[in-house]
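Below, each chain spelled out in residue letters.
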Amino acid sequence: MKKPRSLSNPAALRDATVLRHVSQLGSARDGLREWRLQRLTALALVPLGLYFAASMLWLATSDRMTAAAWLGSPIPALLVMLFVVAALAHALVGLRSVLLDYVHTRARRLAADLFVRAVVVILAGASVLAVLKLFLGR
Amino acid sequence: MPTATSAASNTKTQEKRTVVTPTRAGSDPKTSDQRTVQRPLSPFMFPTWYRFQITSALSILHRITGIGLALGSILLAWWLIAVAAGGELFAATHAFIASPIGMLLLLLWSIAFFYHLCNGIRHLAWDAGHGFELRTAARSGFAVIAATVLLTVLAWLYVLVA
């Protein structure tokens with residue numbers, strides 16, 4: 001009888017997921033790219049998110065001058081743009097996987113997928129433009 | 001492997017498992033000798049049949065907070081545009097954020113954010129192959145809840161003091 005491999009053995013897990021074994025699997029064969037994007041953005045969002053959350057809690061109820069001055073200075077402008085883009089890319093992967101799980105009709109799933117993509121692109125573009133305007137118009 | 005012994009031990013374990021509540025018995029598939037097979041239950045049967053587990057509860061909460069944060073990004077984009085545009089738009093946005101509903105949304109956003117952040121780090125540890133033991137997974141789950149509460153309380157103490 002074959003003994004089931006323990007998941008607590010890191011080597012067992014690693015050997016079952018080496019790149020050459022999994023690179024052609026997954027949704028439409030580019031599931032790995034999505035998986036990677038989700039993890040990379042997750043890693044980036046740990047520091048960016050903490051920085052953003054701390055700033056937001058301080059800024060959310062502040063007046064316009066303070067907020068505009070902060071968003072217009074180079075480092076906050078860069079970090080906020082990076083945060084928004086990484087967060088929306090991360091959200092897109094997550095929202096698409098939710099749609100794949102719960103929307104079963106092909107047509108509806110395609111419609112929902114296109115809608116979510118459009119909203120994410122618009123939100124990212126609008127946010128970046130807003131920050132750029134403040135940064136360039138200083 | 002000696003077949004006789006294995007068959008005997010199989011019967012034993014199956015008999016032990018055949019503890020069935022009356023309402024479930026009718027719909028359950030039967031083995032050839034009419035014993036009920038107990039199959040695992042899907043989470044949609046929660047909470048009637050599905051025993052509460054910290055791991056599954058936190059898993060669905062990760063999704064829910066993720067969707068919530070994605071919706072929150074609409075508000076974030078709106079706020080950034082309002083700061084850039086200024087004037088009446090900023091005044092209206094500012095009044096909305098300072099209103100009780102706005103503050104409630106901000107509170108919910110911070111809880112969702114800190115939870116998704118802490119549980120996301122737990123997920124990254126799993127991706128690296130660590131912490132899959134049931135007890136470890138449950139413990140890290142409780143740690144995530146504790147960290148979420150702590151970070152949220154600290155953040156709002158800071159807001160209220162400053």
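Residues numbered from 1 in each chain as written. Chains lettered and ligands numbered in written order. Predicted model: local features only at pLDDT ≥ 70, side-chain atom pairs only at ≥ 80, totals over all residues. Heavy atoms only, no water.

J.: Could you clarify how one ought to interpret the overall build of chain B in this entry?
T.: From N to C terminus, chain B includes six helices and zero strands. Reading the secondary structure of chain B in the N-to-C direction produces α-α-α-α-α-α. Looking at the 162 residues of chain B, the share that counts as buried comes to 31%. Counting only contacts in chain B whose residues sit at least 6 apart along the sequence, the fraction spanning at least 24 positions is 50%. (Helix = DSSP H or I, 4+ residues; strand = E, 2+ residues; numbered from the N terminus. Buried < 20%, exposed > 50% of the residue type's maximum accessible area, 1.4 Å probe, protein only. Contact = heavy atoms within 4.5 Å.)

J.: Hey, could you run me through the interface of chain A and chain B in this one?
T.: Note on interface size: it is often stated as the accessible area lost on association of the parts. Tallying the contact residues gives 45 residues for chain A and 37 residues for chain B. Between chain A and chain B, the buried area comes to about 3,300 Å², and carbon and sulfur atoms account for 78% of it. In terms of surface lost to chain B, no three residues of chain A exceed Leu-57, Ala-60 and Arg-64 of chain A, which account for 19% of the buried area on that side. Summed over the shared surface of chain A and chain B, the result is two salt bridges. Notably, a salt bridge pairs Asp-127 of chain B with Arg-39 of chain A, separated by 2.7 Å at the nearest N-O pair. Inspection of the region where chain A meets chain B yields five residue pairs in polar contact (both at pLDDT 80 or more). Broken down by secondary-structure element, the contributors of at least two residues to the side of chain A that touches chain B are helix H3 (31-59), helix H4 (64-72), helix H5 (74-102) and helix H6 (106-136) of chain A. Sort the elements by how many residues they give to the side of chain A that touches chain B and H3 of chain A lands first, with 14 residues. For the side of chain A that touches chain B, the residue count by class is 32 nonpolar, eight polar and five charged. (Buried area = accessible area lost by both parts, 1.4 Å probe. Salt bridge = Lys/Arg side-chain N within 4 Å of Asp/Glu carboxyl O. Polar contact = N/O pair within 3.5 Å; in protein donor to acceptor, adjacent residues only side chain to side chain. Nonpolar A, V, L, I, M, F, W, Y, C, P; charged D, E, K, R; others polar.)

J.: Just checking my understanding: could you explain the packing of H4 of chain A against helix H3 (residues 54-85) of chain B for this structure?
T.: For any two helices packed against each other, the geometry comes down to the angle between their axes and how far apart the axes lie. At their nearest, the axes of H4 of chain A and H3 of chain B sit 9 Å apart, and the two run at 100 degrees to each other. Taken together, the axes of H4 of chain A and H3 of chain B lie roughly perpendicular to each other. Contact with H4 of chain A, carried on its side by Arg-64, Ala-67, Ala-68 and Leu-71 of chain A, involves Trp-79, Leu-80, Ala-82, Val-83, Ala-84 and Ala-85 of chain B of H3 of chain B and no other residues of that element. Of the residues contributing to the contact of H4 of chain A with H3 of chain B, the split by class is nine nonpolar, no polar and one charged. (Axes fitted to C-alpha atoms, helices over the stretch in contact; angles between N-to-C directions. Parallel < 35°, antiparallel > 145°, perpendicular 65-115°, else oblique.)

J.: I would appreciate a short explanation of H3 of chain B in the present structure.
T.: Working note: α-helix, 3.6 residues per turn, so residues spaced by three or four point in the same direction. A rise of 1.5 Å per residue sets the reference length of H3 of chain B, with its 32 residues, at 46 Å; its end C-alpha atoms lie 45 Å apart and thus fit the reference within 8%. Where H3 of chain B ends, the next residue or the one after it, Gly-86 of chain B, has phi of about 70 degrees, a positive value. (Expected span 1.5 Å × (residues − 1).)

J.: Where do I start with the environment of Leu-150 of chain B in this structure?
T.: Its place among the elements puts Leu-150 of chain B in helix H6 (residues 134-161). Along the primary structure Leu-150 of chain B and Phe-114 of chain B are separated by 36 residues, whereas in three dimensions their C-alpha atoms are 9.4 Å apart.

J.: Sorry, what's going on with the environment of Leu-100 of chain A here?
T.: Residue and element names in this part refer to chain A. Along the chain, Leu-100 falls in helix H5. Residue class for Leu-100 comes out partly exposed when judged on its relative accessible area of 40%. Separated by 13 residues in the primary sequence, Leu-100 and Asp-113 have C-alpha atoms spaced 9.0 Å apart.

J.: Quick question: what am I supposed to make of the packing of aromatic side chains here?
T.: For any two aromatic rings, the description comes down to two numbers: the centre-to-centre distance and the angle of the planes. In total, this model carries six aromatic pairs over all chains according to the counting rule given. Where Trp-109 of chain B meets Phe-113 of chain B, the ring centres are 5.2 Å apart and the plane angle is 15 degrees; that geometry is what we call stacked. Taken together, the residues span about one helical turn, with Trp-109 of chain B and Phe-113 of chain B both in helix H5 (residues 100-127) at a distance of four residues. Across the pair, Phe-113 of chain B and Trp-109 of chain B agree in class, each one buried. Connected via pairs of aromatic rings, a cluster forms that spans Phe-52 and Phe-83 of chain A together with Trp-109, Phe-113 and Phe-114 of chain B. (Phe/Tyr/Trp six-rings, centres within 6.5 Å; stacked < 30°, edge-to-face > 60°.)

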